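Okay, here's what each chain looks like letter by letter:
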Amino acid sequence: MGMSRKRTYSRGLTRREMLKYGLYGGLAAGLPGSLWLGGCGKKQADIRPTNIILISIDTLRADHLGCYGYQRPTSPTLDKLASQGLLFEDVTATSPWTLPSHGSMLTGLYPNRHGLKSLDKYLPTDVVTLADVLKEHDFSTATVVNSIYLSRKWGLDRGFDDFTYVEEIPDLWMPSEVEHHTVKWLSKNSSQPFFLFLHYYDVHSDYSSTLRYEKQFVRPYKGVADGTTVQLSLFRKNLVSLNQVDAEHLIDLYDASIRQLDDGIARLLKLLETRGLLDNSLIIVTSDHGEEFLDHGGVLHSQTQYQELIHIPLIMRGPGLGQPKRLSNIISLVDVMPTVLSLLGIAIPYSMDGIDLCRLWEKSDTQLGRRYIFAEGSKESVVPQEYDVKHDIKRAVRHPRYKLHYNKLTKEKRLFDLQNDPKEKIDIVSKHTPLVDSMFAQLKSFMGISKAGSSLPPLTPEEINKLKSLGYL
Ligand SMILES: [Zn+2]
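Computed from a prediction, not measured in an experiment: that's the story for all the values here. (Residues numbered from 1 in each chain as written. Predicted model: local features only at pLDDT ≥ 70, side-chain atom pairs only at ≥ 80, totals over all residues. Heavy atoms only, no water.)

Let's talk about helix H4 (residues 76-83)
Within H4 the residues assigned to the buried category are Thr77, Leu78, Leu81 and Ala82. Looking straight down H4, one finds that the buried residues subtend no more than 135° of arc, so they occupy a single side. Considering only its buried residues, H4 is in contact with strand S1 (51-57), strand S2 (86-92), helix H11 (244-274), strand S7 (281-286) and strand S11 (314-317). (Buried < 20%, exposed > 50% of the residue type's maximum accessible area, 1.4 Å probe, protein only. Helix = DSSP H or I, 4+ residues; strand = E, 2+ residues; numbered from the N terminus. Arc of directions from axis to C-beta. Contact = heavy atoms within 4.5 Å.)

Written out as structure tokens, the structure reads:
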């Protein structure tokens, strides 16, 4: 395909970490191929993708898409994309809020290893991003992002040659400017292999779309819910009350915005097809977290680790993926980066938390060698302590069938059987003590590995106001 894959890449770990993982001083040669060399791409150089397009739809619950079983027509484009490629049924975000989750998507590391867990931390300079690696391998790298958390401040812009931050506008009804900037970039830059990371804020609150979509999804309603972040934040403070009927209305507004965005993705795919870029590109669609509509009594996201907040979609279409398939393994957002590198035949640069998923379709290795995945960083870790928010950090550990929630402040544990109780309504923690002990031991040992991000100066008053206006403080 005319591009070099020349450099062996080994930064991203401190010397101590490299020694620990056996990566220092030429020991890499002794590592299993799945860790050091990309599996799929190495074997099948002829079907490597030329370009990578990673699309993150902020705040998109998996269960509101047709291809994940939703009954309303929110997602014909994504459904079709999934039917032509791979759909991962059981994908867990690493965190219920934007910054840590995107950190994981773009580094292959859990938040406790990439360090982006609160607003006073910057991505450590020795952490390597997907864009860093692809740039080293001669891809042109570009991103259009639509959230302050992905702006330059916290470091997730690292590795991108072209960086565009489209400021999020909470009450925007029209499709966001992300589409406009993407079309513009593609018109000038698609002649050499590229990595394009697109982030859409369109389905995030305020839940809004144009009349055409509201007509299709929003049923008659006479209540007070207006779908604004401001009102939902007041609900959280017990200053507004919302009931199940109101939640249904919020869902209608949310669904309408999903369909509006899905039609935007259709326009993007059409453009790629017209320019001859569709079939040689790996297209990945995912999200950073979901959204709650009173499922467990709350709204918005970031405060719990229930499925409505951490079960996210993951769809891939493109060369090297084998036959279209649905895969039911437990998958984490940290798996995206090692899988992309593997598909490109690029060495995975350091020990990631993520797993190269290629073996699922290459070798039908249905177990992945993984028993647990983790989610961490709930809302109270969003802000530094000086902003007077109590630290009530909730974490979760997933086993293929069970999920254990742990509240660090109250020490409370809850266990749910996702097979028989997918909506997590019946806490069975008292009935399964040995299982709980074993899962908790896993969580404790996982949390024992910790890396703080580099420190940032305190937020400016302007930044605090902006975060407040978006409902984050
Ligand atoms: Zn988000």
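Things to note about the sheet that holds strand S16 (residues 413-417)
In any sheet, the strands associate via hydrogen bonds between backbone groups, in a parallel or an antiparallel arrangement. If you walk across this open sheet you meet the four strands as S13-S14-S15-S16, and the pairing is antiparallel. Two strands lie at the open edges of the sheet, namely strand S13 (373-375) and S16, each paired on one side alone. Neighbour to neighbour, the strand axes of the sheet diverge by 15° on average, direction disregarded. With three bridges joining them, S13 and strand S14 (residues 394-398) adopt antiparallel strand pairing. Its bridge partner lying in S14, Ala375 is registered against Ala396. Contacting S13, S14, strand S15 (402-407) and S16, helix H15 (residues 433-448) runs over the sheet at an angle of about 60° to S15. (Pairing = 2+ DSSP bridges. Axes fitted to C-alpha atoms, helices over the stretch in contact; angles between N-to-C directions.)

Some details on the environment of His114
Mapped onto the fold, His114 is located in helix H6 (residues 111-114). Expressed as a C-alpha distance, the spacing of His114 and Pro124, which sit 10 residues apart in the sequence, is 7.1 Å. Apart from the residues within four sequence positions on either side, His114 is in contact with Pro100, Gly103, Ser104, Thr107, Leu109, Leu123, Pro124 and Val127. A distance of 3.0 Å separates a polar atom in the side chain of His114 from the backbone oxygen of Pro100. (Polar contact = N/O pair within 3.5 Å; in protein donor to acceptor, adjacent residues only side chain to side chain.)

Some thoughts on the layout of surface pockets
The calculated volume of the largest pocket comes to roughly 600 Å³. Lining the largest pocket are 24 residues, and of these Asp63, Gln307, His311, Pro422 and Lys423 lie nearest its centre. Going through the elements one at a time, H11 and helix H12 (307-310) are the ones with two or more residues in the lining of the largest pocket. Ranked by residue count, the leading element in the lining of the largest pocket is H11, at three residues. Tallied by class, residues from the lining of the largest pocket come to eight nonpolar, six polar and 10 charged. Both domains that meet at the lining of the largest pocket, namely domain 1 (15-373) and domain 2 (374-469), each give it at least three residues. (1 Å grid on protein atoms, 1.4 Å probe; cavity = no way out; pocket = protein on both sides within 12 Å on 5 of 7 lines; lining within 4 Å. Points joined across faces, edges and corners; volume = space filled by probe spheres on them. Nonpolar A, V, L, I, M, F, W, Y, C, P; charged D, E, K, R; others polar. Domains from an automatic or database assignment.)

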